[in-house]
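Structure assessment
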Amino acid sequence: MEKRYKVKDVEQKWTVKWKEIGTFMFRDGKKIYSIDTPPPFTSGTLHMGHVMDFVWIDIPAKYKRMCGHSVYLPQGFDCHGLPTELKVEREYGISKDERKKFLVACEKWTDKCITKMKEQMDRIGYTPDWNHEYRTMDSDYKKLVQSSLLEFHDKDMLVREKHPVMWCPKCRTALAKAEVGYVEKGGELYYIKLGGVEIATTRPEFLPACIAIVVHPDDKRYKKVVGKNVDLPIYDREVPVITDKEVDVDFGTGVVYLCTYGDEQDIRWQKRHGLKPINIINENGTLNENSGFMDGMDVDEARDAMVSRLKDMGLISKVEPMTHSVLSHVERSTCNSPIELIPMEQWFIKVIKFANMIKKEAKGLKWYPASAMKRLIDWADSLDWDWIISRQRTFGTPIPFWTCEKCGKVVAAKEEELPVDPHGTTRKCGCGGKAVGEESVCDCWVDSSMTPLKISKYGKKPKFYKRIYPTSMRPQGYDIIRTWAFYTLFRCAVMTGKAPWKDIVIHGMVGGTDGRKMSKSFGNIIEPDEVLEKYGADVVRQWCAGASGADDHSLSWSEMEHSSKFLTKLWNISRFISMHKPTEAKPRYTFADRWIKNELNLLVKTATDSLDRYNYSVIKEIRKFVWHVFADYYIEMVKYRLYGEDVGLKEGAVESCRHVLNTVLRLLAPFVPFITEEINESLFGGGSIHLKKWPKSGSFDKKLGEEGQMLCELLSKARTFKMENRVGQGKEINHAVIHGDIKVLERVRKDLVGTARIRNVEFKQGKLSFGAKL
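Residues numbered from 1 in each chain as written. Predicted model: local features only at pLDDT ≥ 70, side-chain atom pairs only at ≥ 80, totals over all residues. Heavy atoms only, no water.

Overview of the packing of aromatic side chains
We describe a pair of aromatic rings using the distance from one ring centre to the other and the angle between the two ring planes. Counting across every chain of the model gives 24 aromatic pairs. Considering the side-chain rings of W18 and F24, the 5.3 Å spacing of their centres and the 80° angle between planes classify their relative orientation as edge-to-face. On the basis of relative accessible area, F24 is assigned to the buried category, the value being 6%. An aromatic cluster is defined as three or more aromatic residues linked by ring pairs; in this entry it consists of W14, W18, F24 and F674. Its guanidinium or amino end placed over the ring of F576, K639 lies 5.6 Å from that ring's centre, counting from NZ or CZ. (Phe/Tyr/Trp six-rings, centres within 6.5 Å; stacked < 30°, edge-to-face > 60°. Buried < 20%, exposed > 50% of the residue type's maximum accessible area, 1.4 Å probe, protein only. Lys NZ or Arg CZ within 6 Å of the ring centre and 35° of its normal.)

Structure follows, in C-alpha cells:
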C-alpha cells in the first residue's frame, strides 16, 4: 500500500472501474430491494441538499446489496418547470412565443444540466443503474402521465372548472396550494371608516371588491349594525353587515371587510354566505375596470392611490406599521412574489374527498422517523382546495384534452395516440362544434408523482411490475412531504389500489456553517464542488451520514476535518496490518483476541440494527470502534506478539487483525465506498467489497467485555505512568503492583505484561489500582 492515501486518484480510479465492470448494475434475483429515488429538478448543478439526498439513498442501496438483495436503483430527472423556461429565455434569448424553437432549447438546456449533474453524482460515489434512467420530458414518461390523466378524467376525478385560483402575476401561471407559502413582510394596517363601522386592513386597494362587512356574532360592539347595510365610499353602493364565527375579534377593530379575493378566508366566506364575487385583478397583476379610478394600475400603485383618496375624504383614522404574512410563490420559484386569487378556468384533480383514504394508506407505511407521518396527516386534514394541476407555461407535459367552444364538453385524447400535444389544434365535438386544444401544461408534481409506476414498468411489463411494486423504500426530505409524498401516495393508490412503497425515509434540510438555511441572501451557500475538491467524496459522505433522522443538518468544517483524519487513520491501520503477512503457522490466541472479536460482534449487531432502521449516524459508532478500540488498544496490545519470537502468537495476532479489519471495511463500505474498495483490493482481493456479504454478528459476552474494559483501563494507567515519568512508551517497567480481581488479572496477564512492558508484576486482590517503578 502507498504510504499516503491519494484521495483523488483512488476516487477517479473506482468511478471508472465500477462502471467498466458493472459493479452496481441491477441483477434480477429472488430478493429485490427497490428504491423510488427522487428525480432532482434539472436546475444546472447539484447543491449540498442534493448531495445529502443521494448519499442517504446510496447507503441503504449498498447495504442491502451486501445483505444479498438484488438492488434496483433507477435514477430519473425532473425536467419541466418555470426555472428552466426562465433560464432558456436568458441563456439563449429565445422567447416562449416561438414555441417549437423554445421547446427544443429547453430540452437542450436540460440535457446539458443532466450531464453535469450525473458527473457530480459519480463524484460523490452515488451509483444508480444508469440503464434504468428516466427523464420526465421523454415521450414514454409523458405517455404514462397523460394516460393517468385520462384515467382520472374517466373516474370524474379530473375536471375543468372556473374557481378562484392562486395566481402568480409575475410568472403568469396558476399554482397549487403546495407551491405557495407565507413570507413575512413589512406593511401598514389602515383603519378605514365605512358608514358607521371602522375596519382595519392591509389591502385598502381591494375596497371596490368589497361584498360584505363581517363581524363576530358574539361581539356586542356591533350588535346594532348586524343585518343592516353600510355605504361603500367612492363606489356609491351598499354592502351588508353579516356575522361569522371565524372573525378574530382581537385583530384591528374586530370588523373585516370581505373582498374577492384578498386572501383564502375571503373565498371561504364568499362560498359560505352565497355572495356574488367582484373580480378586480387582471392576470398581469394590474387592476381592471371594476376598480374604477385604479384601472390599469399595479397593486402597489393602486394601494397608494386608494390611501390618498381616502385620506382626502377623511376616512382613514390611523395607520399602523406592522409585519404580516403575505401569501407568495415560494416552491421551486425564483420570484417569491405575492400571489393573487383570481377566478379562472383551470384543471383540477379532486383530492379533498380522498383525504381519509390518503391518511389510511399513509398509516399503513413504515415511516422513519415515525413522527414524520404527522406532517402528511396534518396536510391532508388542512385541505380546503382541490389540486390545481394546470400551469400556464410552455415546457411541460401537455394536458391531453380539447374543450368545445359551443357546448363546453371536454374531448379526451385516445390512449393509442399518446403522448399528444393538443396545443394549437382542434377536434370535432359530438355536438358538431369545434373543440380547441388545451394550451396549459401539467404541474411538475403531476409528473413526479408517477415515479413508482414508471420505475416498476406499470402498464408495460406486468410480471416485472408485480415484483417491484410497491417499491421497498422512498427517501426524501420533509420539505416535500406535502407535495411529492402526498401526491404520489394519492395518485398511485387511486390507480393501483396500493400504496407505492413499504418504507418512507425522511431527512432534514442542509444548513450553512452558521446553522441557518443555506441561502444567497444569507451569503452562506457552499457548493458541493468546493467541498469535494478539498476533501473528496468519502469525507462528504461521512458528514451526510451523521445527520440524525429528520433533523436539519448544518455543514461543519470541523466534522469534515475529523472525517478526513479518520480516513488517514483507517489507511494507516490497514497499511500497518498489510506489513504482517499470514503464514502457515498454527495460530495461538490470547485474551486480547477474544476481547476484540467480542467487541466486534457488538459493533456488527449495532450497525446492522441501525441500518435496518435507516439510522446512518451509526457511522460515528463504527469510527469510534476503529479509532479508539481497535487502533488505540487492540493493535497496541498485539505489537509485542507481532514483533516477538513466538510464531503461534504472531499468527494469532495477524489473523485477528485481518479479521477485524476485513469486517470493519465491510461495515464501512456503504458509507465510504472508495477507500474501503481500495484497501479491500490491496489486502483481501476476492472481487469488489460491495459485492461481498455483510458481516454476521456472533453473541456478545458482557462479562468478557467488562474484563476487556478493565485491561484497557490498566493499560491507560501504565501509559499515564510513563508519561508522568517522561519516558517513552517502549521503556520497561521494572516492577508493578496491581490491585483488582486476581482471577481476571491472571486471564489478562500475558497481554497486560507484554503491552505495558512490565518485567515483574504482583497482583493483589482489591479495588482496581496500578502502582509501578521504572
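Quick word on the sheet that holds strand β14 (residues 340-349)
One open sheet holds the four strands; their spatial order is β6-β5-β14-β16, and the pairing between them is antiparallel. With one partner strand each, in any of the chains shown, β6 (173-175) and β16 (387-388) form the two edges of the open sheet. Relative to β6, strand β5 (residues 158-168) runs antiparallel, the two being bridged by three bridges. Residue C168 lies in a different strand from β6, and its bridge partner there is T173. (Pairing = 2+ DSSP bridges. Helix = DSSP H or I, 4+ residues; strand = E, 2+ residues; numbered from the N terminus.)

A closer look at the nonpolar core
Within the largest apolar cluster, 124 residues are counted, with the highest numbers of intra-cluster contacts made by M48, F625, F630, F671 and F770. In terms of residue count, helix α18 (residues 619-642) provides more of this core than any other element does, 13 residues in total. Excluding its chain neighbours within four sequence positions, the residues that come into contact with F630 are I573, I577, I596, F625, I635, C657, V660 and L661. Formed by 64 residues, the second largest nonpolar core is a distinct cluster that contains A372, W387, C442 and Y478. (Core = buried A, V, L, I, M, F, W, Y, C linked by side-chain atoms within 4.5 Å. Contact = heavy atoms within 4.5 Å.)

Considerations on the sheet that holds strand β23 (residues 471-477)
Strand order in the open sheet formed by three strands is β15-β24-β23, with parallel pairing between adjacent strands. The two strands at the open ends of the sheet, each matched to only one other strand, are β15 (366-368) and β23. Direction aside, the axes of adjacent strands within the sheet are offset by 20° on average. As paired strands, β23 and strand β24 (residues 501-507) are joined by six bridges and run parallel to one another. Following the sheet pairing, Q476 is matched in β24 by I506. Set on the sheet, helix α2 (residues 48-66) makes contact with β23 and β24; between it and β24 the angle comes to about 135°. (Axes fitted to C-alpha atoms, helices over the stretch in contact; angles between N-to-C directions.)

That is the geometry; function is a separate question.
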